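# Examining the three-dimensional arrangement
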Amino acid sequence: VQLVESGGGLVQAGGSLRLSCAASGGSFDFSDMGWFRQAPGKAREFVAGIRWSSGIPYYFDLARGRFTISRDTAKKTVDLEMNRLILEDTAVYYCAAALQGSGSFDYWGQGTQVTVSS
């Protein structure tokens, strides 16, 4: 399975960005797909996830109310709409996929840089 992110870039604080992740290869027997991020000098942290079959989203506190995750099962994509961005959102954002029954995210993309400026 390959995951390729796109949509990162430079944005001013208060602005918006939409990240997209395209999945290819494999059987797409996913339970969940999600987004994580890693800021310089910090550990990777969970941002948002979505149940692949039902589309039910779930968020970490930092994302709730500002970010929206969605997926398109036909296109095999998962998007992250980010609004009201703040400086602390600056990070490399990674797409990830969890196989059915694995209990963890098994596949990872290369990441896309999001930089929020003042």
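Residues numbered from 1 in each chain as written. Predicted model: local features only at pLDDT ≥ 70, side-chain atom pairs only at ≥ 80, totals over all residues. Heavy atoms only, no water.

## Let's talk about the pairing of strand E4 (residues 30-38)
Across the nine residues that make up E4, a large majority, eight, are buried. When E4 meets strand E9 (residues 91-99), the two strands line up antiparallel, connected through eight bridges. Note that in E9 the partner of methionine 33 across the bridge is alanine 97. Across six bridges, E4 lies against strand E5 (residues 45-51) in antiparallel orientation. Residue pairing across strands places phenylalanine 36 opposite phenylalanine 46, the latter belonging to E5. What sits between the antiparallel neighbours E4 and E5 is a turn of six residues, in which glycine 41 has the positive phi angle 75°. (Buried < 20%, exposed > 50% of the residue type's maximum accessible area, 1.4 Å probe, protein only. Helix = DSSP H or I, 4+ residues; strand = E, 2+ residues; numbered from the N terminus. Pairing = 2+ DSSP bridges.)

## Description of the nonpolar core
Judged by nonpolar contacts, the single largest core of 30 residues is most densely connected at Met33, Trp35, Val47, Phe67, Leu80, Met82 and Tyr93. Elements that contribute at least two residues to this core include exactly strand E3 (17-24), E4, E5, strand E7 (67-72), strand E8 (77-82), E9 and strand E11 (112-117). If we skip the residues at most four places from it in the chain, tyrosine 93 touches Glu5, Leu19, Trp35, Phe36, Arg37, Val47, Phe67, Leu80, Met82, Gly111, Thr112 and Val114. (Core = buried A, V, L, I, M, F, W, Y, C linked by side-chain atoms within 4.5 Å. Contact = heavy atoms within 4.5 Å.)

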